[in-house]
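A look at the structure
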Amino acid sequence: MSEALLRIEELSVAFGRRGGRGGQQVLDQVSLEARSGEILGVIGETGSGKTTLARAVVGLSPVTGGRISVDGVELTGLRGRALREYRRSGAAQYLFQDPLRALDPDLTVRDLVAEPLAVTGAGSREQRSERAAAALRQVGLDPVLADRLPGQLSGGQRQRVLLARAVVTRPRLLLADEPVSALDASNRNHVLRLFDRLRKELDVAVVIISHDLSSLAGIADRIAVLYRGRLVEQGPTAEVLSRPLHPYTALLTASAPSVRREHDLHPAQLRATAPWEGAGCVFAPRCAFAEDACRVRPEAQARPGGREVACHHADDWRARIAAPVLAH
Ligand SMILES: Nc1ncnc2c1ncn2[C@@H]1O[C@H](COP(=O)(O)OP(=O)(O)OP(=O)(O)O)[C@@H](O)[C@H]1O
Ligand code: SF4
Ligand SMILES: [Mg+2]
């Protein structure tokens, strides 16, 4: 198996922390990897820390612990000018969650796509414009749209402009934040297929962030599941979806009939029935299987087939489901 292009080890991020105290812990010792040519899907509900994770990889989140490296460069060791140069190099490109806010409303599509090259001063003006035109072709954007402003484009077209701006710098890593959440089903499929094509053509590692499991199910090679800043499970998509090891992943898959495959659990079987007080497992207040042992925080355990899970009862919670499978 190839070396990981993106390697995140025990990453912690806290906002508003002064002198190491207080503040809001948003990511707590998260570890994951993505390889060239691979799509990693990161799934989690709103506020779980998905955007914070992606922004950390481009040096935009307040990292308080752990390490991030991209293509062998350890980002967490970079400061000042070295960090600015890393950002400008475009080796890792972050596609913002909201394209309309990310794009200067007064620049045409052509200028928007050439802009990242102008920032780095790459090539002559003519060369930059040729590369921008090539990037627009790569994302399948009709050349007649090159003179339009972002406000004159559809959501799907704006998403493609963001993608063209990212690929124009020839990145090694693309981090797309909810790239299809605002699109209708047909546009969603087009944009997802585009990511699939580009990761092969460009041999980039792609991280797609989504709160919607069905968007990731058909495209991600592997899935990482975040819950309140903790990575609770990760592994190959088909295995994770067909036999989730973590009760939260099971709840997600059971709640999304389109991705529920071999297992046949109902969300009602996975919901907590007793109140939970105190620390320990971050999922305990919602977990149907929480018990005293869960007051100790579960650490990630490796499992065969490249899987990983952080749950004390990963191997036996299924056996504790008392109720018969409900009709649905
Ligand atoms: N700049 C910031 N300052 C303070 N808190 C922040 C900041 N950015 C994010 N947070 C907090 O961090 C937590 C995680 O936010 P984040 O945007 O990473 O979540 P998310 O998983 O991307 O959610 P969504 O699905 O809604 O986009 C939230 O509680 C949020 O309020
Ligand atoms: S550690 Fe305990 S509370 Fe947490 S998910 Fe596993 S069974 Fe549920
Ligand atoms: Mg977000």
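Everything numeric in this text was worked out from a predicted model, so none of it was measured. (Residues numbered from 1 in each chain as written. Chains lettered and ligands numbered in written order. Predicted model: local features only at pLDDT ≥ 70, side-chain atom pairs only at ≥ 80, totals over all residues. Heavy atoms only, no water.)

Let's talk about the pairing of strand S1 (residues 4–15)
Both faces of the sheet carry side chains from a regular strand, because those side chains alternate between them. Definition in use: At least two bridges found by DSSP between two strands is the condition for calling them paired. Helix and strand assignments come from DSSP, with helices taken as H or I runs of at least 4 residues and strands as E runs of at least 2, each series counted from the N terminus.
Both S1 and strand S2 (residues 24–35) contribute to a ladder of 8 bridges, which runs antiparallel. Bridge assignment links Leu11 to a residue of S2, and that residue is Val30. Where S1 meets strand S4 (residues 63–70), 6 bridges bridge the pair, whose relative direction is antiparallel. By the bridge assignment, Arg7 is partnered in S4 with Ser69.

Thoughts on the sheet that holds strand S7 (residues 173–177)
Short version of the rule: Orientation is described by axes fitted as lines to C-alpha atoms, over the contacting stretch for helices, and by angles from 0 to 180 degrees between their N-to-C directions. We call two residues contacting when some pair of their heavy atoms lies within 4.5 Å.
Taken in spatial order, the 8 strands line up as S6-S7-S8-S3-S9-S10-S12-S11 in an open sheet, and their pairing is mixed. Looking at strand neighbours, the two that pair on one side only are strand S6 (92–95) and strand S11 (301–303), the edges of this open sheet. The sheet shows a mean angle of 20 degrees between the axes of neighbouring strands, taken without regard to direction. Here 5 bridges tie S7 to strand S8 (residues 205–210), and the two strands are oriented parallel to one another. Pairing of Leu173 across the sheet is with Ala205, part of S8. Across the sheet, helix H6 (residues 155–167) touches S6 and S7, and the angle it forms with S6 is around 165 degrees.

Side note on the pairing of strand S10 (residues 230–236)
What counts, and what does not: Burial classes follow relative accessibility: with a 1.4 Å probe on protein chains only, a residue under 20% of its type's maximum area counts as buried, one over 50% as exposed, and anything between as partly exposed.
A large share of S10 lies buried, amounting to 7 of its 7 residues. Pairing of strand S9 (residues 222–227) with S10, which is carried by 6 bridges, proceeds in the antiparallel orientation. Residue Val225 lies in a different strand from S10, and its bridge partner there is Glu233. Taking the residues between adjacent antiparallel strands as the criterion, S9 and S10 are bridged by 2 residues, where Arg228 takes a positive phi near 45 degrees. Relative to strand S12 (residues 307–309), S10 is paired through 2 bridges, and the arrangement is antiparallel. By the bridge assignment, Glu233 is partnered in S12 with Val309.

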